[in-house]
Amino acid sequence: MLKNYFRSALRNFLKHKTFTFLNITGLSLGLTASVLILQFVKYEQSYDTFHADIDEIYRVQYNVIQNGKMTVACAAAVPAVGPALKDNFPEIRSFTRLFPVSGVVSYESPQRGFISFREEKMQITDPRVFEIFDFKLLEGDQETSLEGPNKVVISEKAAKKYFQDEPPMGKRIAWDGESEFEVTGIFEDLPENSHIKFDFLFSYQTLNNNSDNHSETSWGWYDFNTYVLVDKGVDVTELQQKWDSYLTEQRGEEWTKYNYKQEFILRPLRDIHLYSNLLQESEPDEQGDGEAVYFLTIIALFILIIAWVNYINLSTAKSFERANEVGVRKVMGAEKNQLIYQFMSESFLINLLAAIMAVIAVTLSWQSFSNLAGRDIPISYILDQQFWVLITTLLLVGTVLSGVYPALVLSSFRPISVLKGKMMKTSGGNIMRKGLVVFQFIASVVLISGTVVVYQQLSFMKNRDLGIDIHKTLVIEGPGITDSLYDNKLEAFKQEVLRVSGVRQMTAASNVPGSEIFWTRGIRRVQGGPESSLTIYNVGIDHDYVPAFDLELIAGRNFSKEFVNDNTRILINRELVESLEFEDPKAAIGEKVRLGGDTVEIAGVLENYHQMSLKNKVAPLAFRLTTSSSFYSFKIEAGNHRDILAAIEAPWNTFFPGNPIDYFFLDAYFNKQYESDRQFGQVFGLFSMLAIFVASLGLFGLASFLTIQRTKEIGIRKVLGSTVPNIVLLLSKGFIQLVLVANLIAWPLAWWLMNSWLESFPYRIDIDLILFPIAGLGVILIAFVSVGFQTLKAALLNPAETLKYE
């Protein structure tokens, strides 16, 4: 019986090639797009799942509340919090702290000489990191490799980079030319789907030796990513309540005295990649976006439903052509359930062919899609059982959803009526078909509007005036290996560089726009202002920073070499003026403030500028005069930057030997903060357009079959004097009316969805309401083009041909 069903289905496919092609193409495109999106979603949700105890691992989030406002929400906590949790709560099995560092790592090779590289992915930690996390140690002992000072465990990649064929174990490497560390272990390179990445792990005891034990007892130094491992089955909500009570009991007196409060929130490791966007995230450039993943999942669902709706519409529209077939089958004794099996088998075969094409298309487009999404999604996902379960599930669900209604419609025809040619089209079928078309174009209008809003928001963030000039700026990361003559060497280097043709200015600072500031201090006015101190960010700059970056000085003066005591003065931005409750910027000039442990005078006020991307609010900033600089910025003329860099390299090697020269262009560096948003916009836009194309494909097919049904009517109308434009309008009117209805429903829905997305941005566009009519007109145009071709073709037919058998 099944053999007969499939044989009949194949004959029907070959008889109606266009119908079959449209269905298979629409379904395969829908499946391809949906599977790719769902694999991206799977990858984003897979972060850190390689840890066996992922559901028992929590990171401590650090919040500071001052004067009723949260001034700090940070991924890094204070060092004392880990021991406090372990010593006072038996539910805590273990804890570890990771303190991020960077610098120049060097090795004196007997064969290859002096080797040095600047390294950013380094952490200071303790042996418990291997107990809590499943980082695989290939060589060395996980209990002792980080026990004691001046020890380092390195990745496979770092071992090959520095030692090549030499055995790394027992070798010594230097960090910033000072401390030497013995290589005591090698760990397997971390997977890409790890929220924290590193190539060097330095022993925590080294930090203790250099910090007077503050790295164990401090409740104010918050640079430590702290993770705890809880017992299985622990109610973390209850544990959090007990922890909060403990903190209030132990720390409450100090909080009351200084009018502030600290919070230490246990955040699940599983949520960090997608749902944590805090200060000092381990990999801020790779941080995921749970909201974007949600939107892409919705698009995947839309595309699938649109593809299935196409099949339903085309099948039911064509059902009237197959009425005689159904009538004959019933007269020959076929029962309704047998007819349902017949048409369900056709649906299964269509979906099966579409699924096979989709698997091929997914395989071929995998790498291109991974590049577009900005993720290295493993191609091995295709071999996973979950992938084939997904394909099978979509095949079966698609077969049922797209096949049941057409099968019920076709099997319900009455043989006497259809064989007499008296079959009536039901209003219920028309309403269903129209409703499905309306749904398709609601989705299309929402997706077009959403694509435009995403593009406008990204364009707004990239093109808005930052309040600081980041263009034509070459930045070299400051030397890690220095000596006691560093200040003199820096000044001499600067004078040499300013002689280079094409270099207009040079400035040295602890940060440049786009680099996250970790230097924080408490500040309060000596007289007046808020009751408690505020935690603010500090930037170390030289005398040339303000003019080089074209910052606007709105009150007071810049640092000047004419004032020898400027190291006891600071500059602040307008936001800090308001936070300290000065009447206006001029009122702040000359006022004394307590900054950390120092009393300093405010010399000048700068207009606000965006230190970080427009995804972050402008923060209160203080600027201090310092020569301790992490970045050297060079304002250069347009031209060949390679020649300028080559000219800078000679004095660099003279004054800072042993330091690699690592450079970047500031505008590109700053805009890297928008990379994930740009990639989301690309993926969103691509699949939105694909969804609209699939909808148009279905509309084209539906118009074809409905036009064929009215061929004789068109011939009669032409004989009676109707013109081609009148006939085209008549045949298109019904579709255009449905698209208009879809627009009226889609506009408020699109506004609500995109406004919800924009609420996460502190600086955002206002949605221009004219966007929705424009999107609607676009969809109407797409619908008219899809339908118009078929209607025009029908309208141009010679009535003598269409009516010759009447």
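Keep in mind it's a predicted model, so treat the numbers as computed, not measured.

Q: Tell me about the overall build of the protein chain, and name the residues and values.
A: Per the secondary structure count, the protein chain includes 26 helices and 22 strands. Split into buried and exposed, the 806 residues of the protein chain put 52% on the buried side. Pairs at least 24 apart in sequence give 80% of the contacts found in the protein chain among residues at least 6 apart. For the protein chain, the accessible area works out to roughly 36500 Å², and carbon and sulfur atoms hold 56% of it.

Q: Kindly report on the pairing of strand S10 (residues 225-230), identifying the contributing residues and their values.
A: Across the six residues of S10, six count as buried, placing the element largely inside the fold. In S10, alternate side chains face the same way, and those of Asn225, Tyr227 and Leu229 on one face and Thr226, Val228 and Val230 on the other are all buried. Direction of pairing for strand S1 (residues 57-66) relative to S10: antiparallel, over a ladder of three bridges. Paired with Ile57 across the bridge in S10 is Leu229. As paired strands, strand S3 (residues 92-109) and S10 are joined by six bridges and run antiparallel to one another. Counted as the bridge partner of Ile92 is Val230 from S10.

Q: Help me get a handle on the packing of helix H16 (residues 486-497) against helix H20 (residues 641-655), residues and values and all.
A: Two elements in contact, H16 and H20, have axes whose closest approach is 10 Å; the angle formed by their N-to-C orientations is 165 degrees. Judged on the interaxial angle alone, H20 and H16 are roughly antiparallel. Judged by the sense of rotation from one axis to the other, the crossing of H16 with H20 is right-handed. Along the contact surface, H16 presents Lys489, Ala492, Phe493, Glu496 and Val497, while H20 presents Ile648, Pro651, Trp652 and Phe655. Its residues assigned to classes, the contact of H16 with H20 comprises seven nonpolar, no polar and two charged.

Q: How would you sum up the side chain of Ser116? Please name residues and give values.
A: One can find Ser116 in strand S4 (residues 113-125). A polar contact of 3.1 Å, which involves the side chain of Ser116, links it to the backbone oxygen of Gly658. Discounting chain neighbours no more than four positions away, the residues touching Ser116 are Val104, Val105, Ser106, Gly658 and Pro660.

Q: Explain the pattern of salt bridges residue by residue, including any values.
A: Across all of its chains, the model carries 32 salt bridges by this definition. Notably, a salt bridge pairs Asp483 with Lys489, separated by 2.8 Å at the nearest N-O pair. Take Asp483: its relative accessible area is 38%, and that puts it in the partly exposed class. Since its relative accessible area comes to 23%, Lys489 is described here as partly exposed. With a closest N to O distance of 2.7 Å, Arg557 and Asp566 form a salt bridge. Of the residues examined, Asp566 reaches a relative accessible area of 0% and is grouped as buried. Here the residues in one salt-bridge network are Arg557, Asp566, Arg569 and Glu601, joined through shared partners.

Q: Quick one: what's the story with the pairing of strand S6 (residues 151-155), residue by residue and with numbers?
A: Counting buried positions along S6 yields four of five residues, so the element is predominantly enclosed. Direction of pairing for S6 relative to strand S8 (residues 180-187): parallel, over a ladder of five bridges. Counterpart to Ile154 in the pairing with S8 is Ile186. Of the strand pairs in this sheet, S6 and strand S9 (residues 200-203) are connected by three bridges, and their pairing is antiparallel. Each residue of the ladder has a partner; that of Ile154, found in S9, is Phe200.

Q: Which residues make up H20, and what are the values?
A: Its 15 residues give H20 an end-to-end C-alpha distance of 21 Å, which sits within 8% of 21 Å, the value for a rise of 1.5 Å per residue. Taken as a whole, H20 has its buried residues at Ile644, Leu645, Ile648, Pro651, Trp652 and Phe655. Looking at the buried positions of H20, the neighbouring elements they touch are strand S12 (473-477), H16, strand S13 (503-509), strand S21 (631-636) and strand S22 (663-665).

Q: Quick rundown of helix H2 (residues 17-45)? Include the residues and the values.
A: Given 3.6 residues per turn, any residue in an α-helix points the same way as the ones three and four places further on. With 29 residues, H2 extends 41 Å between its outermost C-alpha atoms, agreeing within 8% with the 42 Å of an ideal straight helix rising 1.5 Å per residue. Counting buried positions along H2 gives 23 out of 29 residues, so the element sits mostly inside the fold.

Q: An account of empty space enclosed by the protein is requested, with residue identities and associated values reported.
A: One pass over the full model with this rule turns up two cavities of 30 Å³ or more. A volume near 30 Å³ is recorded for the second largest cavity. Residue lining of the second largest cavity: Leu31, Ala355, Ala358, Ile391, Leu394 and Leu395, and that is the complete set. When residues of the lining of the second largest cavity are traced back to their parent elements, those giving at least two are helix H12 (336-373) and helix H13 (385-411). No other element matches H13, which puts three residues into the lining of the second largest cavity. For the lining of the second largest cavity, the per-class residue count stands at six nonpolar, no polar and no charged.

Q: Kindly report on the environment of Asn351, identifying the contributing residues and their values.
A: Mapped onto the elements, Asn351 comes out in helix H12. Among the residues examined, Asn351 registers a relative accessible area of 1% and is labelled buried. For the pair formed by Asn351 and Leu31, sequence separation is 320 residues and the distance between their alpha carbons is 9.5 Å. Not counting chain neighbours up to four residues away, the residues in contact with Asn351 comprise Leu27, Trp308, Leu395, Gly398, Thr399 and Ser402.

Q: Provide a residue-level description of unusual backbone geometry, including the pertinent values.
A: Positive phi values are uncommon outside glycine, yet Asn150 reaches one of about 55 degrees. Tracing the backbone shows Asn150 in the loop between strand S5 (137-139) and S6. Judged by its relative accessible area of 26%, Asn150 falls in the partly exposed class.

Q: Quick one: what's the story with the packing of aromatic side chains, residue by residue and with numbers?
A: Evaluation of the coordinates by the stated rule reveals 47 aromatic pairs. Centre to centre, the rings of Phe99 and Trp221 are 5.6 Å apart; their planes meet at 80 degrees, and the pair counts as edge-to-face. Placement of Phe99 in strand S3 and of Trp221 in the loop between helix H7 (214-217) and S10 is noted, with a sequence separation of 122 residues between them. What makes Phe99 buried here is its relative accessible area of 11%. The class of Trp221 is partly exposed, set by a relative accessible area of 25%. Taking the centre distance of 4.2 Å and the plane angle of 20 degrees together, the rings of Phe664 and Tyr669 count as stacked.

Definitions and limits used
- Residues numbered from 1 in each chain as written.
- Predicted model: local features only at pLDDT ≥ 70, side-chain atom pairs only at ≥ 80, totals over all residues.
- Heavy atoms only, no water.
- Helix = DSSP H or I, 4+ residues; strand = E, 2+ residues; numbered from the N terminus.
- Buried < 20%, exposed > 50% of the residue type's maximum accessible area, 1.4 Å probe, protein only.
- Contact = heavy atoms within 4.5 Å.
- Areas by Shrake-Rupley, 256 points an atom, 1.4 Å probe, with all protein chains shown as cover.
- Pairing = 2+ DSSP bridges.
- Axes fitted to C-alpha atoms, helices over the stretch in contact; angles between N-to-C directions.
- Parallel < 35°, antiparallel > 145°, perpendicular 65-115°, else oblique.
- Left-handed = near helix turned anticlockwise from the far one by under 90°.
- Nonpolar A, V, L, I, M, F, W, Y, C, P; charged D, E, K, R; others polar.
- Polar contact = N/O pair within 3.5 Å; in protein donor to acceptor, adjacent residues only side chain to side chain.
- Salt bridge = Lys/Arg side-chain N within 4 Å of Asp/Glu carboxyl O.
- Expected span 1.5 Å × (residues − 1).
- 1 Å grid on protein atoms, 1.4 Å probe; cavity = no way out; pocket = protein on both sides within 12 Å on 5 of 7 lines; lining within 4 Å.
- Points joined across faces, edges and corners; volume = space filled by probe spheres on them.
- Phe/Tyr/Trp six-rings, centres within 6.5 Å; stacked < 30°, edge-to-face > 60°.

Distances and angles like these do not, on their own, reveal function.
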